[in-house]
Amino acid sequence: GQGDATLIRAGPAAAVLVDAGPDPRLLLRCLDQLRIASVPLAAFTHLHADHTAGAAALSGRGTSTVLTSAVRTPASGDAVVGAVPGERVEAAPGSAWQVGDARVEVLAAPARPSLDLAAEGESSAENDASLLLRATSGGVSVLLAGDAEEAGQSAHLALAARLDVDVLLVPHHGSARRSEAFLAASRPSLAVVSVGV
């Protein structure tokens, strides 16, 4: 179904996880099929259920760092991510992690919000507060922007050449709420859209 869960290979039996998808059974099956025994770093672009609900699959996978944004809504997603073992770290632009063969860089992250987004439900404001991550492994670069919509994507254009990657996980499952300039700036050889059947 619609949701994002992306594994970046960090070694023969290790990976970095960016988002966990909507269903722990699906993520668990993926981890097992790829023979991933260890997920030292799990990053969550934002806390909507289709990006977090699968996080229970990380149990027993040696997760030591859980990377999130400063935005802690919706509360249901915050609780799911909070239950993942490991130290929770709030992402800051310019921070990076090297995990085996994988490198994950935070290109953009929201500051702690001054507005209460909790009353808005799963809102465009939460989508636009998604982390913008750039991951590399095996010489392949991947751009992951969570569910950023047109305003969020447009705000990233100042990053210019940092957006140029081999693979783009198209933001917000290919939603029509997009910035054509952002898609053009990423210049991917491969674009992936995650949607339901």
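Heads up: the structure comes first, above all this text.
Residues numbered from 1 in each chain as written. Predicted model: local features only at pLDDT ≥ 70, side-chain atom pairs only at ≥ 80, totals over all residues. Heavy atoms only, no water.

### Some thoughts on the pairing of strand β5 (residues 87-90)
Examined bridge by bridge, strand β4 (residues 65-68) and β5 share 4 bridges and lie parallel to one another. Note on β5: the bridge partner recorded for Thr 65 is Glu 87. Taken together, β4, helix α3 (residues 75-82) and β5 constitute a β-α-β crossover, and its handedness is right-handed. (Pairing = 2+ DSSP bridges. Helix = DSSP H or I, 4+ residues; strand = E, 2+ residues; numbered from the N terminus. Right-handed = clockwise from strand over helix to strand, strands pointing away.)

### Observations concerning α3
Residues of α3 that are buried: Gly 77, Asp 78 and Val 81. Projected down its long axis, α3 carries its buried residues within an arc of 100°, all on one side. Pointing more than 90 degrees away from the buried face of α3 are the exposed residues Ala 75 and Ser 76. (Buried < 20%, exposed > 50% of the residue type's maximum accessible area, 1.4 Å probe, protein only. Arc of directions from axis to C-beta.)

### Some thoughts on the sheet that holds strand β7 (residues 102-108)
Judged by pairing direction, the sheet is mixed, and its 6 strands sit side by side in the order β6-β7-β8-β9-β10-β11 without closing on themselves. The sheet terminates laterally at β6 (96-99) and β11 (190-192), the two strands that pair on one side only. Along the sheet, successive strands turn relative to each other by an average axial angle of 15°, direction set aside. In this sheet, strand β9 (residues 140-144) lies alongside strand β8 (residues 132-137) in antiparallel orientation, the contact comprising 5 bridges. Bridging across to β9, Thr 136 finds its partner in Ser 141. (Axes fitted to C-alpha atoms, helices over the stretch in contact; angles between N-to-C directions.)

### Looking at the pattern of salt bridges
Applying the stated criterion across every chain yields a total of 9 salt bridges. A salt bridge links Arg 162 to Glu 105; its shortest N-O distance comes to 2.5 Å. With Arg 162 in the loop between α5 (150-155) and β10 (167-169) and Glu 105 in strand β7, the pair connects residues that are 57 residues apart, well separated along the chain. Exposure remark for Arg 162: the relative accessible area of 32% places this residue in the partly exposed category. A relative accessible area of 15% means that Glu 105 is categorised as buried. Of the charged contacts in the structure, one is a salt bridge between Glu 149 and Arg 177, with a shortest N-O distance of 3.5 Å. One end of the pair, Glu 149, is in the loop between β9 and α5; the other, Arg 177, is in the loop between β10 and α6 (180-186), and 28 residues separate them in sequence. For Glu 149, a relative accessible area of 6% corresponds to the buried category. One continuous salt-bridge network, built from bridges that share partners, spans Arg 72, Asp 78, Arg 88 and Glu 90. (Salt bridge = Lys/Arg side-chain N within 4 Å of Asp/Glu carboxyl O.)

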